[in-house]
Structures are given as structure tokens and as C-alpha cells.
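One-letter residues, chain by chain:
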Amino acid sequence: MKGISFFVLSYFYQKRIIDWEGNQYWAYWALAFLGQDFLYYLQHYFDHSSRFFWAIHVTHHNSEYYNISTGFRSSVLQPLYRYIFFIPLAFLGIEALHIIFAYAMIQNYGTLCHTNFINNKFSKWWGILFVTPSHHRVHHASNTKYLDKNMGMFLIIWDKMFGTFQAEENEEDYEKIKYGLTKPLEDKGPINIIFHEWKEIYNDFFHRKKHLPLSIRLKYVFMPPGWSHDGSSKTSKELQRELKNTTQEVRLEKIKVE
């Protein structure tokens, strides 16, 4: 897939709308890295926003542990489409090899963020602009407040700009982080680790929801994970709204008591 990615990006590089000159060296590489990081943020957000693509990405999230090996727990099928998100950089005159290089360097950084050995105090200064292990611990947590947050790989500014940022709370003030999925897997065999969400989609589409119109069944494939037509399951945003309302009600009760 690296070869196919290189071929496709090289093709669109031939259609580029910008030719960079030698004295624009720094601007060229700034665009290569910043653009790649932003486009990866979009791809990552997309993976969390559609059940079809979540079924591919979920392999990276279904581990109940959080360490460097989790960082290497890549989505097996993601290389089939990931490079498509980086085509705009080729249009803007960034060579295919340089796009792939920027991607590799950013992924190296992101992999190192999969650790519990660096606490959230590190985020106070480095975390103003950059993703920290604290930020990414939130991303891998299955606690309701943390679901689908901190999508960035190198820069955290995209999350702060687009409303997907969530700081890691102190355990004294909030519940302890729980890693993995909201519903832990019973079968932890390698085949199920990769394909379990595809099995669920298949069962919903052809069995559990077969009495529903095709338009509704398709939503069970492409809408966000947890979406349901009858409220029997909820998306992360719906769960977070409920949590927010519950928290506000508890606060009001405390005020009344005081």
C-alpha cells in the first residue's frame, strides 16, 4: 500500500497548482508537516464519525492497556484509503515522498505518546501546542466524558480549534481512566480483534434490523458508532449531553442543600 500511495500521490503531484522555488524551502516543509498533520486530524475525525470507518479504526482502540505497544496496534485495513486524505498536499506541490516522510515522522511522535509514564503536568507548557501523552490517554479512554476527544497526532491546536479537545482530569476530581471500548470484547482472538465491529454491522444490517427500511439500515452502517433509530443505543455526543445534564442537576441539588 505504500507503493500504491506513492503512485497515487505522484499522479496528483503532476497536476499540482503550485511550483515551489528554492528560496521557499522553509515554507515548503512547513506546509508539508502542518498540512499533513491537519489532514491526518480530518481523517482521524472521520474514522470516529462513521461506523463503517470506525469498524476499521477500532483495532487501535480495543486494547484495555495503554503503552507503546498500543501505539503499534495499527488498523490493518486503514492503508487502503488513508492516502486519499493527503491528495490535497500533492495538489499544493508537495512531492509524494515528502508527504510520506512527514506522515512517518508525525506517526513516530504519536506512537511515543502512548505511555502512562509522563503525567498530565507535562501538558501545561508543551501541551499548549503539541499533543502530549496526557492528551492521548484521553483519546484512548472509554469514559463517557473522554469519548472521541483529542484526535490530533502532533499538534493539539486542531482539537482546540474545532471543539474536540478535552483535558485529562485528576483522578481525585474525576473517575479513573478506563481504556478499551465501552463494551469490552469477550473474544480477544486476533481475528475478532480486527473484524468484530464488521460482524456487528453485518448482524444489524441483515438480521437484527432486517425488518427496517433500507434507508434506516444503511444508517446503522454509516452513521456514528452507537447511533440507533429508537434510542436503544447512543452516540458519544448523545452520551456526553446526558452526562452534562446529569452533572448540572447534581450541582443544583448540592446548591439547594447548602
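Colleague: Even after reading the chapter, I still don't get the packing of helix α9 (residues 190-208) against helix α10 (residues 214-222), so can you show me in this structure?
Modeller: Helix-helix packing is characterised by the crossing angle of the two axes and by the distance between the axes. Here α9 crosses α10 at 175°, and the two axes come no closer than 9 Å. Here α10 runs roughly antiparallel to α9, going by the angle between their axes. Between α9 and α10, the residues in contact are I201, D204 and F205 and L214, R217, L218, Y220 and V221, respectively.

Colleague: Quick question: what am I supposed to make of α9 here?
Modeller: Since one α-helical turn is 3.6 residues long, residues separated by three or four positions face the same way. Helix length check: α9 (19 residues) gives 25 Å between terminal C-alpha atoms against 27 Å at 1.5 Å per residue, within 8%. By the largest-angle criterion, H196 marks the main kink of α9, which is about 55°. Every buried residue belonging to α9 is among N192, I193, H196, E197, I201, D204 and F205, and all of these are buried. Elements that come into contact with the buried residues of α9 comprise α3 (51-57) and α10.

Colleague: Looking at this structure, I do not really get the nonpolar core. What am I missing?
Modeller: What tends to happen in soluble globular proteins is that the nonpolar side chains get buried as a cluster. Counting residues in hydrophobic clusters, the biggest one holds 19 residues, and the most contacted among them are L9, Y40, F86, L89, I94 and I99. Of all the secondary-structure elements, those providing two or more residues to this core are α1 (2-13), α2 (25-49), α5 (87-91) and α6 (96-112). In terms of residue count, the dominant contributor to this core is α2 (5 residues). Setting aside residues no more than four positions away along its own chain, I99 makes contact with L9, Q36, F86, L89, A90 and I94. Counting residues in hydrophobic clusters, the runner-up holds 9 residues, among them Y109, L155, I156 and W158.

Colleague: For this particular structure, what's the right way to read the environment of K178?
Modeller: With respect to the helices and strands, K178 occurs in the loop between α8 (157-162) and α9. With a relative accessible area of 46%, K178 lands in the partly exposed category. Those residues in contact with K178 that sit more than four places away from it in its chain are H140, A141, S142 and N143.

Colleague: Explain the pattern of salt bridges to me, please; I cannot follow it from the model alone.
Modeller: Side-chain pairs of opposite charge can arise where the charged atoms are in close proximity. Within this structure, the stated rule accounts for 9 salt bridges. Between D204 and R51 there is a salt bridge, with its nearest N and O atoms 2.9 Å apart. Of this pair, D204 sits in helix α9 while R51 sits in helix α3; the two residues are 153 residues apart in sequence, bridging distant segments of the chain. Given a relative accessible area of 9%, R51 falls into the buried group. A salt bridge links E169 to K145, with the shortest nitrogen-to-oxygen separation between them at 2.6 Å. Taken together, the residues E169 in the loop between α8 and α9 and K145 in the loop between α7 (133-140) and α8 connect sequence positions 24 residues apart.

Colleague: What should I look at first to understand the environment of P190 in this one?
Modeller: Locating P190 in the fold gives a position in helix α9. Expressed as a C-alpha distance, the spacing of P190 and T59, which sit 131 residues apart in the sequence, is 9.8 Å.

Colleague: It is not clear to me how the side chain of H48 should be interpreted in this structure. Could you clarify?
Modeller: By secondary structure assignment, the location of H48 is in helix α2. A polar contact of 3.4 Å, which involves the side chain of H48, links it to the side chain of H57. Residues in contact with H48, not counting those within four places in the same chain, are W54, H57, H61, H139, D148, M151 and P225.

Colleague: Whenever I open this one, α1 confuses me. Can you help?
Modeller: With 12 residues, α1 should cover 16 Å at 1.5 Å per step; its first-to-last C-alpha distance of 16 Å lies within 8% of that length. Every buried residue of α1 is accounted for by S5, V8, L9 and Y13. Buried residues in α1, looked at end-on, bunch into an arc of 145°, giving them a common side. Those residues of α1 that are exposed and aimed more than 90 degrees away from the buried face are G3 and F7.

Colleague: Mind showing me how you'd approach the side chain of T111 here?
Modeller: Structurally, the position occupied by T111 is in helix α6. Residue classification places T111 among the buried positions, given a relative accessible area of 13%. Every residue in contact with T111, bar those within four places of it in the chain, is listed here: I68, G71 and F72.

Thresholds, definitions, all that
Residues numbered from 1 in each chain as written. Predicted model: local features only at pLDDT ≥ 70, side-chain atom pairs only at ≥ 80, totals over all residues. Heavy atoms only, no water. Axes fitted to C-alpha atoms, helices over the stretch in contact; angles between N-to-C directions. Helix = DSSP H or I, 4+ residues; strand = E, 2+ residues; numbered from the N terminus. Parallel < 35°, antiparallel > 145°, perpendicular 65-115°, else oblique. Contact = heavy atoms within 4.5 Å. Expected span 1.5 Å × (residues − 1). Bend = angle between axes of the 7 residues up to and from the residue. Buried < 20%, exposed > 50% of the residue type's maximum accessible area, 1.4 Å probe, protein only. Core = buried A, V, L, I, M, F, W, Y, C linked by side-chain atoms within 4.5 Å. Salt bridge = Lys/Arg side-chain N within 4 Å of Asp/Glu carboxyl O. Polar contact = N/O pair within 3.5 Å; in protein donor to acceptor, adjacent residues only side chain to side chain. Arc of directions from axis to C-beta.

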